[in-house]
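Residues per chain, in single letters:
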Amino acid sequence: MVVGMGKRGKHHAAAFHANGRFEVVGICDIDEARLAAAAESLGNPARSTDAAALAKSLKPDVFCFCTLPSLRTEMIKVGIKSRAKLIAFEKPVALTGNEGMKVKKLLDASGVKAVVSHQHRYGVHYRKVKEIIAGGSLGRVHTVYGTATGWMAHMLSHLVDYMRWYNNNAEAEWVMGQSAGIGKFQDMHPSPDYIGGFIQFANGVRGIVECGAGAPDVPEVDYWWRKCRIGAQGPDGFAEVLTGGGWRAVTRSGSWSGEGCMNYDLDMPPYIQEMADWLDDDSKVHSCNFASAYKGFEIVMALCRSAAAGGQVGLPLTAGKDELKSLQKAMSDRKVLLSMAANAKEYGV
Ligand SMILES: NC(=O)c1ccc[n+]([C@@H]2O[C@H](COP(=O)([O-])OP(=O)(O)OC[C@H]3O[C@@H](n4cnc5c(N)ncnc54)[C@H](O)[C@@H]3O)[C@@H](O)[C@H]2O)c1
């Protein structure tokens, strides 16, 4: 059952429908026109504007919701109550530490499997960079990094997830962050216009991340939302992926590059297939499992806490907080300074 027939809900439903291991039994949206428009291509499943009622009557094996980020706890509760075996939902895990912790508590107590959609990782270019790093050609990795010109609630969760992956999912010990520009706090994906910071990983690797209006351009990529660069450096070289522009690496043996571009049609099928694999076999844990996504979420929230109050923030987080509220309160209303003219339109400056 898939809730939310917007952009991402339709991607999810289409990918479940196309996978022989799944049948889309129900779709839900508060917008009836969206439901009607989506139904036929999904085999005319049951439809409702009420997620709780539909889940109660269908008892789906998989409860998937792709609503906007302000809606998380309520849908997790619906999924758990429906006794689904797996809950799949969209990034970000939540908008605040308060809500993320609530979601974690609910999922942990229920024992239901859960996955969060950080599906860019299935791109050939993302995987090539992982392969180069894991193969040891960079030597001992000392730095992982990620930048995106899109704002925090859209992009930071992706960046941190892939940085953690390139660093073997090492635990983070602390972070320190800074932010600028308050325009995007009014957005449906509320965020500071620009946030950046450092991550200390337990294996000694340094993470460096920048997200938003001040993050550097990736001139090799035309499409604004895909101007993201994520990679790793070691004493023997670097390897990095450009979300909309392939991959490149320089090591002691030479330099290489290759194709690849973020593509929902290519990234969704393996993401969905891993759900079937995990449901069939507990040992085949999904690459985008909730426990891993939550570690990235904690890093994002700790960056906000540091940007709001200054200093370093230790992990794991132990108490809830409304990071967005305290950050907005602490920040000046000085306009954000841009890294490139192309950001002016999106950030309204
Ligand atoms: N993983 C990715 O690559 C990626 C890309 C884009 C967006 N996202 C994330 O996906 C999520 C959804 O984004 P989107 O672009 O699909 O948004 P969208 O606005 O296109 O779709 C959201 C849908 O949810 C519906 N909805 C809202 N409240 C509802 C409720 N109570 N019950 C049922 N339906 C309800 C809305 O009517 C709308 O159709 C966000 O969290 C966003 O950050 C992820």
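Read on for an overview of the structure. (Residues numbered from 1 in each chain as written. Predicted model: local features only at pLDDT ≥ 70, side-chain atom pairs only at ≥ 80, totals over all residues. Heavy atoms only, no water.)

Things to note about the layout of surface pockets
And then number 1: If you add up the space inside the largest pocket, you get close to 980 Å³.
And then number 2: Where the lining of the largest pocket is concerned, the elements lending two or more residues are α1 (7-18), α3 (51-58), α4 (73-81) and α7 (152-166).
And then number 3: Across the lining of the largest pocket, the residue classes break down as 20 nonpolar, eleven polar and ten charged.
And then number 4: Of the voids in this model, the second largest pocket is the one considered here, and its volume is about 330 Å³.
And then number 5: Every residue lining the second largest pocket is counted, 21 residues in all, and those nearest its centre are Lys104, Asp108, Phe290, Ala291 and Tyr294. (1 Å grid on protein atoms, 1.4 Å probe; cavity = no way out; pocket = protein on both sides within 12 Å on 5 of 7 lines; lining within 4 Å. Points joined across faces, edges and corners; volume = space filled by probe spheres on them. Helix = DSSP H or I, 4+ residues; strand = E, 2+ residues; numbered from the N terminus. Nonpolar A, V, L, I, M, F, W, Y, C, P; charged D, E, K, R; others polar.)

Let's talk about the side chain of arginine 164
And then number 1: With respect to the element layout, arginine 164 can be found in helix α7.
And then number 2: With no salt bridge to any partner, buried arginine 164 finds its closest opposite charge in aspartate 161, at an N-O distance of 4.7 Å.
And then number 3: Within the structure, arginine 164 has its side chain in polar contact with the side chain of serine 292 (distance 3.0 Å).
And then number 4: Residue contacts for arginine 164: discarding those within four places in its chain leaves Asn169, Ala170, Phe201, Ser292, Lys295, Gly296 and Ile299. (Buried < 20%, exposed > 50% of the residue type's maximum accessible area, 1.4 Å probe, protein only. Lys, Arg positive; Asp, Glu negative; His and termini not counted. Salt bridge = Lys/Arg side-chain N within 4 Å of Asp/Glu carboxyl O. Polar contact = N/O pair within 3.5 Å; in protein donor to acceptor, adjacent residues only side chain to side chain. Contact = heavy atoms within 4.5 Å.)

Looking at the sheet that holds strand β14 (residues 254-258)
And then number 1: Across the sheet, nine strands lie side by side as β14-β13-β12-β11-β7-β10-β9-β8-β15; this open sheet has mixed pairing. Across the chains shown, the open sheet's two edge strands, defined by having one partner strand only, are β14 and β15 (313-314).
And then number 2: As judged from the six bridges shared by strand β7 (residues 143-148) and strand β10 (residues 206-212), these two strands associate in the parallel manner. Bridge pairing in β10 links threonine 143 to arginine 206.
And then number 3: Where helix α9 (residues 290-309) meets the sheet, it contacts β8 (172-180), β9 (194-201), β10 and β15, and its direction lies at approximately 55° from that of β8. (Pairing = 2+ DSSP bridges. Axes fitted to C-alpha atoms, helices over the stretch in contact; angles between N-to-C directions.)

A look at the site of the ligand
And then number 1: Near the ligand there are 26 residues, and of these Arg8, Asp29, Arg34, Lys91 and His189 occur at the shortest range.
And then number 2: For the ligand, an oxygen atom lies 2.8 Å from a polar atom in the backbone of arginine 8.
And then number 3: Interatomic distance of 3.0 Å between a side-chain N/O atom of arginine 72 and an oxygen atom of the ligand.
And then number 4: The fraction of the free accessible surface of the ligand (860 Å²) that becomes covered by protein chains is 84%.
And then number 5: One can see that the ligand is located within the largest pocket. (Near = heavy atom within 4 Å. Areas by Shrake-Rupley, 256 points an atom, 1.4 Å probe, with all protein chains shown as cover. Sits in = over half its atoms within 2 Å of the grid points.)

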